[in-house]
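# Architecture at a glance
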Amino acid sequence: MNKHLMGAALALLALSCWALPGLAQNLPRTPTYNTVEGQPIDSREQEKKGNQPLFPEQTRAPYHKTAPFKVTTLVDNLQAPWGMAFLPGGDILVTERLPGHFRIVGKDGGASAPLEGLPSTLVDTPMLGLLDVALDPKFASNHRIFFTFFSYEDRTIGATSIASARLEGNRLSDVKVILRTHPLLPNDQTIGAGTKTGGRIAFGKDGYLYVTVGDRDNAGNRPWGVAQVLDTHLGKILRITTEGKAAPGNPF
């Protein structure tokens, strides 16, 4: 390489190194987890300026060192396992995120074949993805489960929805959607359509379902403020009946 080309290359390298800090400011904010006893685990700045927690540690949970624990691998060949629920006999009902399947993992290890009975008619798009699963508090008598799922087409994830079914052995029956959240897809070009779906589901002591729905924001420099408005399900915790209706006493 002649000295002129070498000089140009070195100048370009120097310019690139000088510009990196500025470029990093435009990248999504990656978390740095602190491990100082009693101090907040996540110390990033608030994404929406001026937000204040409703109570201490709502958004800044403190770090506490955990006790030593032993890890035992039950199965290691699942495709993107996402949620699970312990069945009365000790086996585990597991969801595989995409392509969406239910499997039963034995308490002593090994996974079943995908459970039958999950209809493709849950969505109108080519593929269905599964998220979380929870057992009805009366599962021992009614065999009812509740789960969250999403549609998937052309590398785009659709809205989180909630469904119920009956689990009999290794087969699902009476599968029905109890709530489809909206909008189906993010409607802003700055939004990462495959991000922050939410989907965790749990029963409260009041017998109602609590479901998280992601805000679909891409953590860029233009936050999408849907969590602060009531015309969409995005960025909310939904409290609903087992039939998908708004639970009595909801504030909104």
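Sequence order as written defines the numbering, with residues in each chain counted from 1. Since the coordinates come from a predicted model, pLDDT governs what is reported: local features require at least 70, and pairs of side-chain atoms require 80 or more to be given and counted, while whole-chain, interface and lining totals use all residues. No hydrogens and no water enter the side-chain calculation; it runs on all heavy atoms of the structure.

Here we take up the environment of K107. Mapped onto the elements of the fold, K107 is located in the loop between β3 (101-105) and β4 (127-135). At a separation of 3.4 Å, a polar atom in the side chain of K107 contacts the main-chain carbonyl oxygen of G89. Helical segments are the DSSP runs of H or I of at least four residues, strand segments are the runs of E of at least two, and each set is numbered from the N terminus. Polar contact is the term for a pair of N or O atoms within 3.5 Å; when the atoms are in protein, one must be able to donate a hydrogen and the other to accept it, and sequence-neighboring residues count only if both atoms are side-chain atoms.

Let us look at the sheet that holds strand β2 (residues 92-96). Picture the strands of a sheet paired through backbone hydrogen bonds; they go either parallel or antiparallel. Strand pairing is defined by DSSP finding a minimum of two bridges between the two strands. Here three strands make up an open sheet; going across it, the order is β1-β2-β3 and the pairing antiparallel. The sheet is open, and its two edges are formed by β1 (81-86) and β3, each paired on a single side. Across the sheet, the mean angle separating the axes of adjacent strands is 25 degrees when strand polarity is ignored. Pairing of β2 with β3 involves five bridges; the strand directions are antiparallel. Residue pairing across strands places L93 opposite I104, the latter belonging to β3. To get an axis, a line is fitted to the C-alpha atoms, and for a helix only the part in contact is used. The angle between two axes follows their N-to-C directions and goes from 0 to 180 degrees.

Salt bridges are defined by distance alone: a side-chain nitrogen of Lys or Arg within 4 Å of a carboxyl oxygen of Asp or Glu. Scanning the entire structure with this criterion turns up seven salt bridges. R171 is the salt-bridge partner of E116, the closest N and O atoms lying 2.9 Å from each other. On the criterion of sequence distance, the pair formed by E116 in the loop between β3 and β4 and R171 in strand β7 (residues 171-180) is long-range, its members being 55 residues apart. We note a salt bridge from R239 to D206, for which the minimum N-O separation is 3.3 Å. One end of the pair, R239, is in strand β10 (residues 236-240); the other, D206, is in the loop between β8 (198-203) and β9 (209-213), and 33 residues separate them in sequence. Partly exposed describes any residue whose relative accessible area lies between the buried limit of under 20% and the exposed limit of over 50%, with all areas from a 1.4 Å probe on protein chains only and scaled to the type maximum. Given a relative accessible area of 35%, D206 falls into the partly exposed group. Salt bridges here are not isolated pairs; linked through shared partners, they connect R144, K176 and E243.

With that settled, the discussion passes to the layout of surface pockets. Over the atoms, a rolling probe the size of a water molecule traces out where space has been left empty. The volume enclosed by the largest pocket comes to roughly 980 Å³. Lining of the largest pocket is provided by 28 residues; of these, N51, T59, D215, A227 and Q228 occupy positions nearest its centre. Listed by contribution, the elements that provide at least two residues to the lining of the largest pocket are β9 and β10. For this scheme, ten residues count as nonpolar: Ala, Val, Leu, Ile, Met, Phe, Trp, Tyr, Cys and Pro. Four count as charged, namely Asp, Glu, Lys and Arg, and the remainder, Gly too, count as polar. Classifying every residue of the lining of the largest pocket gives seven nonpolar, eleven polar and ten charged. By volume, the second largest pocket is sized at about 420 Å³. The pocket and cavity definitions rest on a 1 Å grid over protein atoms only: a 1.4 Å probe that fits but cannot leave marks a cavity, an open set with protein on both sides within 12 Å along at least five of seven lines marks a pocket, and residues lining either have an atom within 4 Å of a point. Grid points are joined across faces, edges and corners, and a volume is the space filled by probe spheres set on the points.

Here the focus is the sheet that holds β10. Taken in spatial order, the three strands make up an open sheet running β8-β9-β10, and their pairing is antiparallel. Of all the strands in the sheet, just β8 and β10 have a single pairing partner and so form its edges. Pairs of neighbouring strands in the sheet enclose a mean axial angle of 20 degrees, with direction left out of account. In terms of strand pairing, β9 meets β10 through five bridges, oriented antiparallel. Bridging across to β10, V213 finds its partner in K236.

It is worth spelling out the packing of aromatic side chains at this point. Two rings from Phe, Tyr or Trp (for Trp, the six-membered ring) form a pair when their centres sit within 6.5 Å of each other. Planes less than 30 degrees apart are called stacked, planes more than 60 degrees apart edge-to-face, and all others tilted. The tally for this structure, following the rule as stated, stands at three aromatic pairs. Taken together, a centroid distance of 5.2 Å and an interplanar angle of 85 degrees make the contact between F102 and F147 edge-to-face. With F102 in strand β3 and F147 in strand β5 (residues 144-153), this residue pair connects regions lying 45 residues apart in the sequence. Centroid distance F146 to F203: 5.5 Å. Interplanar angle 75 degrees. Geometry classified as edge-to-face. With F146 in strand β5 and F203 in strand β8, the pair connects residues that are 57 residues apart, well separated along the chain. Three or more aromatic residues link up through ring pairs in this structure, and these residues are F102, F147 and F149. Sitting over a ring, as applied to charges here, requires NZ of Lys or CZ of Arg to be within 6 Å of the ring centre and within 35 degrees of the ring normal. Stacked on the ring of W82, the Lys or Arg R200 has its end atom at 4.0 Å from the ring centre.

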